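Listed below, chain by chain, are the residues.
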Amino acid sequence: MVLLQEFDAKEWVKTRSSLDGEATFLTWNGYIYSFVPNEPKKRLFKILGMSASRCIADGEGGWKFTSRELTYYLDPNSGKILHKWDNPWTGETLTVAHVANNPVQGNFKGIFPAKVESEITTFVFDLFPNYPNPLAEDARFVDYSPNPIYQAAELFKLTVPTAELLNPELVSVSQVILSWDRIGPWLAWMKMGNRPGNMIYSATGSKLKSWTELPQLLQDEIKTRIPLYKDAPKSQLDVEDMTSWIYFQQNFDAYLAGERFPLPAPEA
């Protein structure tokens, strides 16, 4: 029998991160497919990503969340990092701008409903971001991302052992199964303009204690190019949340120059 039960923010923090202010990590992998009217799907990329996060109690029953996240676009067959991509619709060879969002932040408070089914509990978050596209009013990006509104669907499920979730002696749930599905527009770096179609993401993942438990590809990138992602920020940063669209906008010259993404990020 499945019951919908309400949990305090504390239980959600134990799931997503940790109550003791220590950094925890999520990793995910899956595929991205094209979804174009009257066309068969194309498996465009394999994806591999991670998030380094931290939650800090605010003293009022809530929690300040801060994180950094990466997602790499890989060859769908070999699994190797793509630095250049041959667009099958336009024939252009383009620089690949991998996701490097620093920071991604928020605040957790109040009640978090979840589905409880005996030994497992699942938090479900169906999000539908809809906001002005930061690239739309800049003539430089008319061939990249001209639509005035950014619209997507982000469907998350995090499943945990109920016993771990309710154990008052645990500051963090160790066994977390992540499911992430997404419907979103063409990525700006794909230079698809206003061509009809969307991208469908299908990924799963898990929670880790350390960046040294991440898949080897991510460990190698962090060690050699982006050591900033060894840790989450120590506290919330007083800056705007980073998105792939803003990152592309800020680093457009590097993209045009064919530099390797993510751009180097030394430790803070």
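Here is what the cut-offs are and how they apply
Residues numbered from 1 in each chain as written. Predicted model: local features only at pLDDT ≥ 70, side-chain atom pairs only at ≥ 80, totals over all residues. Heavy atoms only, no water. Pairing = 2+ DSSP bridges. Helix = DSSP H or I, 4+ residues; strand = E, 2+ residues; numbered from the N terminus. Axes fitted to C-alpha atoms, helices over the stretch in contact; angles between N-to-C directions. Contact = heavy atoms within 4.5 Å. Buried < 20%, exposed > 50% of the residue type's maximum accessible area, 1.4 Å probe, protein only.

Taking strand neighbours across the sheet as the criterion, the 10 strands line up as E1-E8-E9-E12-E13-E14-E2-E3-E4-E7 in an open arrangement whose pairing is antiparallel. The open sheet terminates on both sides in strands that have one partner only, identified here as strand E1 (3-8) and strand E7 (99-108). On average, each strand axis in the sheet is inclined to that of its neighbour by 25°, with strand direction left out of account. As judged from the 8 bridges shared by strand E9 (residues 120-127) and strand E12 (residues 153-161), these two strands associate in the antiparallel manner. Each residue of the ladder has a partner; that of Leu 127, found in E12, is Glu 154. Relative to E1, helix H1 (residues 9-16) is tilted by about 90°, and along the sheet it contacts E1, strand E2 (24-35), strand E3 (43-57), strand E4 (63-74), E7, strand E8 (111-117), E9, E12 and strand E14 (198-208).

Here Gly 62 lies in the loop between E3 and E4. Residues Gly 62 and Gly 110, 48 residues apart in the sequence, show an inter-C-alpha distance of 7.4 Å. Leave out the neighbours within four places in its chain, and Gly 62 touches Ile 56, Ala 57, Phe 108 and Lys 109.

As for its placement among the helices and strands, Ile 246 is situated in helix H4 (residues 244-250). Overall, Ile 246 belongs to the buried group, its relative accessible area being 12%. Separated by 113 residues in sequence, Ile 246 and Asn 133 have C-alpha atoms that sit 9.2 Å apart. Not counting chain neighbours up to four residues away, the residues in contact with Ile 246 comprise Pro 134, Glu 240 and Asp 241.

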